[in-house]
Amino acid sequence: MDQERTHWIELPAHRSSIGVARRSVGTRLKAWCLPGELCSDAVLLLSELATNAVCHTLSARILCGIGLVGDGILRLEVHDHDRSGPTLRRCRAGLDDEGGRGLFLVEELADTWGVDRSRLTGGNAVWANLTA
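Rules of the game
- Residues numbered from 1 in each chain as written.
- Predicted model: local features only at pLDDT ≥ 70, side-chain atom pairs only at ≥ 80, totals over all residues.
- Heavy atoms only, no water.
- Core = buried A, V, L, I, M, F, W, Y, C linked by side-chain atoms within 4.5 Å.
- Buried < 20%, exposed > 50% of the residue type's maximum accessible area, 1.4 Å probe, protein only.
- Helix = DSSP H or I, 4+ residues; strand = E, 2+ residues; numbered from the N terminus.
- Contact = heavy atoms within 4.5 Å.
- Salt bridge = Lys/Arg side-chain N within 4 Å of Asp/Glu carboxyl O.
- Pairing = 2+ DSSP bridges.
- Axes fitted to C-alpha atoms, helices over the stretch in contact; angles between N-to-C directions.

An unreviewed UniProt entry annotates the chain as ATP-binding protein originating from Streptomyces pseudovenezuelae.

Here's what the structure looks like:
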């Protein structure tokens, strides 16, 4: 894939890395001159996927990537090092719960999303596609 059309960042699997990933991806999306709403949705989705990797796997590091692929598709990916297999479950958050809505947001905002075995880390690769 064309280097100008992809962006990857590897970070420690710490909560503080989520903000770093958001800023890095947001900056790259703006440099690609994508529409503001698309950029906002993409940053939110990547943030949710990265938060799940940090909070729900035993990974020491995560790999976050974005790329313009195909004809007008923005792909977001977060790879972890959890080799136990894909166990993503959407939970139902209560009205007063502070968490538990991440995959609901992914389902609502993404055109498609899923989880595969990562060829880069051997763990999970959770991805989401948005129409650019």
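1. Quick notes on the nonpolar core
With 32 residues, the main nonpolar core has Leu29, Leu34, Ile62, Cys64, Leu74 and Leu76 as its most contacted residues. Among the secondary structure elements, those contributing two or more residues to this core are strand E1 (6-12), helix H1 (16-31), helix H2 (36-56), strand E2 (61-69), strand E3 (73-79), helix H3 (102-109) and strand E5 (124-131). The element best represented in this core is H2, accounting for 10 residues. Sequence-distant contacts of Cys64, defined by excluding residues within four places in its chain, comprise His7, Trp8, Ile9, Ala21, Leu46, Ala50, Glu77 and Val78.

2. So, the pattern of salt bridges
This structure, assessed with the given rule, holds 2 salt bridges. Note that Arg61 is salt-bridged to Glu10, the shortest N-O span being 3.3 Å. Residue Arg61 is found in strand E2, and its partner Glu10 is found in strand E1; the two are separated by 51 residues along the sequence. Residue classification places Glu10 among the partly exposed residues on the basis of a relative accessible area of 44%. In this structure, Arg75 and Glu77 form a salt bridge, with 2.8 Å as the shortest nitrogen-oxygen distance. We classify Arg75 as partly exposed; its relative accessible area is 22%. In this structure Glu77 comes out as buried when scored by relative accessible area, which is 16%.

3. Focus on the sheet that holds strand E4 (residues 112-117)
With antiparallel pairing, the 5 strands of this open sheet are ordered in space as E1-E2-E3-E5-E4. The two strands at the open ends of the sheet, each matched to only one other strand, are E1 and E4. Neighbour to neighbour, the strand axes of the sheet diverge by 15° on average, direction disregarded. As defined by bridge partners, E4 adjoins E5 across 6 bridges and the pair is classed as antiparallel. Counted as the bridge partner of Arg117 is Asn124 from E5. Of the strands in this sheet, E1, E2 and E3 touch H1, which is tilted by about 170° from E1. Across the sheet, H2 lies against E2, E3 and E5, angled at about 20° from E3, the strand it touches most.

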